[in-house]
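Here are the chains, one letter per residue:
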Amino acid sequence: MVYFSCILGVWIFLLHSHVTGYPKRKTTESEDIRNCMVTPPHLPPTVINTSERLRALRQLMHTHNITAYIIPSKDAHMSEYLAERDMRLSWMTGFTGSSGTGVVTLQKAVLFTDSRYWVQAERQLDCNWELQKSVRIPSIGEWMLKEVPAGEKIGLDPYLISIDNWKSYNQALQGSNMILTPMEGNLVDQVWGAERPPPPTSEIYQLPDNFTGSTWQEKVSNILKQMENHAKKPTAVLLSGLEETAWLFNLRGDDVPHTPVFYAYTLLTKGNISLFVDRQRLSGKALLSLTVQCPASLCVQVESYEHAGAGVTSYAQQDGVRIWIGTEYTTQGLYQSIPQEKLLEENYSPVMITKAAKNSKEQEMLQAAHVRDAVAVIRYLVWLEKNVPTGSVDEVSGAHYVDQLRREELFCHGPSFETISASGLNAALAHYSPSNTTSRTLSVNEMYLLDSGGQYLDGTTDITRTVHWGEPTPFQKEAYTRVLMGNIDLSRLAFPSKTSGRIVEAVARRALWEVGLNYGHGTGHGIGNFLSVHEWPVGFQTNNIPLEKGMFTSIEPGYYQDGEFGIRLEDVALVVEAETKYQVSETPYLTFKVISLVPYSRNLIDVTLLSQEQIQYLNSYYETILKLVGPELKGHQLHEEYSWLQENTKPFSHAALMAASLGTLAMSTLASTLLTGV
């Protein structure tokens, strides 16, 4: 009888954990979310009052005879991350997400953003702003068709919108008799006035030769050769993206947070190289590097940044010229200054395409940076294991500490983006960043998601790990394991050369799809050598270029349970040749080599869900981590961290765990049989 009671108790416990551990959709409202339906409205402390700013903007709109004004979340170079002086949408709305569009009419103000930022927007917008849960231009156009009278003007700064987006707005408004009007001077800047931060003044410096894959002269010669070989014989290439110019000339700066770039344009012609930049900011070495071969052909003419538009217009007026542009990074403002017949339009410039595939030296540097980066992340995970149980770590202090650990590594210049340090329900926000008003204390009873990276002279890093220091629920373990399965399946996939990432992207989702789960963000993005952490045009989205040997991309499936927890496992991988059984194609098949080197959380992995191939891959990956990172830890006298790494890279045994699983199943079956007989 005692034996039966024991069995029954175990069975009830297992049943209870199964029932209570799986998802229940919750719709609870938190005090950190605005509520505009009550009087007075409830506004969290993260909100700013935008009434006066909107009043001033509408006054200017009335002066310019426009009925609606569009506020993009971009700068004049289509950058993802913005300098503070270019954060017009953020200043106007209080919303700090990286993707969004504001539309202000004389009566309403609306923010359009995607699912990553819906909760964040409700935390940051005051009640002057409506939230529209879409960022697609057709949706914005549909809203304007309803709210803006026919025949009215819609204002927009043409230097803050890409060519393609301008065309999309025109298409969305087609047949409405509304006029999309390019504005001279930005109205938000005028409202912002003297409070707007000044232009940057920090030094633009030359990247040391041992951290470059090629000299700038070799890179320029390569682009000139591509111009010569192009069927349409362009005579010039216009570079608008900040990382394009930085990469081409091996220069770096600090104009944009977390990305070592500087404000500049480049017009590269067969007979002249014009760099439009603030000359006073160039270091002596940088200026010498650019002009050392003057007046020979590979000589850079440094011209004022403010003269870029005039320089492009002047060149375009010459006879027999054709300017090659990448439409993804060229603004409508520059585009409209070039006669249509003198344009060669492609999605990306030849510089963007060329830098996407790294040469052997660039590959070696990026991999070396990830080894050192792993040391910092492992030190952080060990520190968390010791300190989280004491209740002394919150999201903000954790983010600061992992950033500090990275800065202690060789060649580090700081984080590559704002660290995502998210505990519990905050981790359900895919792009949450902690603040003093939203920060939660890390707990052994909650999942914790860390998405972070570093900028090193030899490479940029980006890695995400999700951990749990207590007893995760069965559903949390299954969700985590299925995210891991998707990461593994895509990482070990073999595919033909020049396969588009969007074709294979579903592989990372398959394990989640099988049980009705999914995630609402992209599966991966390119990454640079001491440049952008999100380097286009590599990745798995529809507007990314086909995958080729030498490209780096992140692989980052996830799952987010609203109001409870979030999971993401992100690794950076190098596209390499695959070893296939058959080689019938002249071009070898490709696969991925993961270069992020931090173990996953063992207590969150349900090995019984993994295939033998997935376990073999995981064990092989762990061998690589121990082989590459272990010596670094020992070399730094980090003995505790090395012991942790040894423990967390132990191989998984499918047979042992299968036996344990069968034992649990047998116990449950026995208990069920006994209960039936009672």
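A short tour of the structure in this document, coming up. Because the structure is predicted, anything quoted here is derived from the model rather than measured.

Here we look at the packing of aromatic side chains
How two aromatic rings sit relative to each other is given by the distance of their centres and the angle of their planes.
Here comes step 1: In total, this model carries 21 aromatic pairs according to the counting rule given.
Here comes step 2: Ring plane angle 25° and centroid distance 5.9 Å describe the contact between Y380 and W383, whose orientation is recorded as stacked. Here Y380 and its partner W383 are both found in helix α14 (residues 360-387), three residues apart, which amounts to about one turn of the helix.
Here comes step 3: The exposure class of Y380 is buried, given its relative accessible area of 0%.
Here comes step 4: Consider the rings of Y600 and Y621, whose centres lie 5.7 Å apart with planes at 35°: the pair is tilted.

Details of the packing of α14 against helix α20 (residues 639-648)
Here comes step 1: Where α14 meets α20, the closest approach of the two axes is 10 Å, and the angle between their N-to-C directions is 90°. As summarised for this structure, α14 and α20 are arranged roughly perpendicular, according to the angle between their axes. For the pair α14 and α20, contact is made by I378, R379, L381, V382, E385 and K386 and by E640, E641, W644 and L645, respectively.

Some points on the packing of helix α19 (residues 612-635) against α20
Here comes step 1: Interaxial distance between α19 and α20 falls to 10 Å at its minimum, and their mutual angle equals 175°. Of the possible angle classes, the one that applies to α19 and α20 is roughly antiparallel. Counted together, Y622, I625, L626, V629, G630, L633 and K634 of α19 and E641, Y642, L645, Q646 and N648 of α20 form the full contact between these two elements.

Re the state of the cysteines
Here comes step 1: Taken as a whole and judged by the stated rule, the model has two disulfides.
Here comes step 2: Across the disulfide from C294 sits C299; the S-S distance is 1.8 Å. Sign of the S-S torsion, about 85° for the bond between C294 and C299, identifies this disulfide as right-handed.
Here comes step 3: By sequence-ordered numbering of the bonded cysteines, the protein has its disulfides arranged as 1-2, 3-4.

Some words on the side chain of R509
Here comes step 1: With respect to the helices and strands, R509 occurs in the loop between α17 (501-504) and α18 (510-513).
Here comes step 2: Apart from residues no more than four positions distant in its own chain, R509 is found in contact with N518, Y519, H521 and T523.

Here we look at unusual backbone geometry
Here comes step 1: Here the bond from T39 into P40 is cis, since omega is -5°, no more than 30 degrees from zero.
Here comes step 2: Looking at the secondary structure, you find P40 in the loop between α1 (2-21) and α2 (51-63).
Here comes step 3: Phi angles above zero are rare outside glycine, and K233 is one such case at about 45°.
Here comes step 4: Not every positive phi belongs to a glycine, and N250 is a case in point at roughly 55°.
Here comes step 5: With respect to the helices and strands, the residue N250 is situated in the loop between α9 (242-249) and β9 (251-252).

A word on the nonpolar core
Here comes step 1: Counting residues in each nonpolar core, the largest one holds 84 residues, and the members touching the most others are F592, Y600, I605, L618 and V629.
Here comes step 2: Looking at this core, the element that brings in the most residues is α14, giving ten residues.
Here comes step 3: For Y600, the residues in contact, after removing those within four places along its chain, are R465, Y480, L484, N487, L569, D571, I605, L618, Y621 and Y622.
Here comes step 4: In this structure, L298, F417, V533 and I595 belong to the second largest nonpolar core, which totals 42 residues.

Focus on the side chain of N648
Here comes step 1: Along the chain, N648 falls in helix α20.
Here comes step 2: Residue N648 is classed as buried on the basis of its relative accessible area, which comes to 13%.
Here comes step 3: Apart from residues lying up to four places away in sequence, N648 is in contact with P599, R602 and Y622.

What about the sheet that holds strand β2 (residues 101-105)?
Here comes step 1: What the six strands build is an open sheet, ordered β4-β3-β2-β1-β5-β6; its pairing is mixed. Of all the strands in the sheet, the pair left with one neighbour each is β4 (130-132) and β6 (179-182). Put simply, the sheet's adjacent strands are angled 25° from each other on average, direction ignored.
Here comes step 2: In this sheet, strand β3 (residues 109-112) lies alongside β2 in antiparallel orientation, the contact comprising four bridges. Note on β3: the bridge partner recorded for V103 is V110.
Here comes step 3: Sitting on the sheet, helix α6 (residues 163-172) is in contact with β1 (68-72), β2, β5 (153-156) and β6, with an inclination near 150° to β6.

Let's talk about the environment of K232
Here comes step 1: Looking at where K232 falls in the secondary structure, it is placed in the loop between α8 (216-229) and β8 (236-239).
Here comes step 2: Residues K232 and E130, spaced 102 residues apart in sequence, show a C-alpha to C-alpha distance of 47 Å.
Here comes step 3: Among all residues touching K232, those that are not within four sequence positions of it are R322 and L344.

A short note on the environment of E218
Here comes step 1: Along the polypeptide, E218 turns up in helix α8.
Here comes step 2: When its relative accessible area of 47% is taken as the criterion, E218 is described as partly exposed.
Here comes step 3: Here the alpha-carbon distance between E218 and N186, two residues 32 residues apart in the chain, equals 39 Å.

Observations regarding the sheet that holds strand β17 (residues 447-452)
Here comes step 1: On the basis of which strands lie adjacent, the open sheet formed by three strands has the order β16-β17-β20 and antiparallel pairing. For this open sheet the edge positions go to β16 (420-423) and β20 (463-468), each flanked by a neighbour on one side alone. Averaged over all pairs of adjacent strands, the angle between their axes in this sheet comes to 10°, without regard to strand direction.
Here comes step 2: Note: β17 against β20, six bridges, orientation antiparallel. Across the sheet, the residue bridging to D451 is T464, located in β20.
Here comes step 3: Of the strands in this sheet, β16, β17 and β20 are in contact with helix α15 (residues 395-407), which crosses β16 at around 145°.

Side note on the pairing of strand β11 (residues 273-276)
Here comes step 1: Going residue by residue along β11, you find I273 and L275 tucked away on one face and S274 and F276 tucked away on the opposite face as well.
Here comes step 2: Strand direction decides the pairing type here: strand β10 (residues 265-269) and β11, joined by four bridges, are antiparallel. Note on β11: the bridge partner recorded for T266 is L275.
Here comes step 3: Linkage of β10 to β11, two consecutive antiparallel strands, is achieved through a turn of three residues.
Here comes step 4: By the bridge criterion, four bridges tie β11 to strand β12 (residues 300-303) in an arrangement that is parallel. Directly across from F276, in β12, lies its bridge partner E303.
Here comes step 5: The handedness of the β11 to β12 crossover, carried by helix α10 (residues 284-291), is right-handed.

Criteria and thresholds
Residues numbered from 1 in each chain as written. Predicted model: local features only at pLDDT ≥ 70, side-chain atom pairs only at ≥ 80, totals over all residues. Heavy atoms only, no water. Phe/Tyr/Trp six-rings, centres within 6.5 Å; stacked < 30°, edge-to-face > 60°. Helix = DSSP H or I, 4+ residues; strand = E, 2+ residues; numbered from the N terminus. Buried < 20%, exposed > 50% of the residue type's maximum accessible area, 1.4 Å probe, protein only. Axes fitted to C-alpha atoms, helices over the stretch in contact; angles between N-to-C directions. Parallel < 35°, antiparallel > 145°, perpendicular 65-115°, else oblique. Contact = heavy atoms within 4.5 Å. Disulfide = S-S within 2.5 Å. Core = buried A, V, L, I, M, F, W, Y, C linked by side-chain atoms within 4.5 Å. Pairing = 2+ DSSP bridges. Right-handed = clockwise from strand over helix to strand, strands pointing away.

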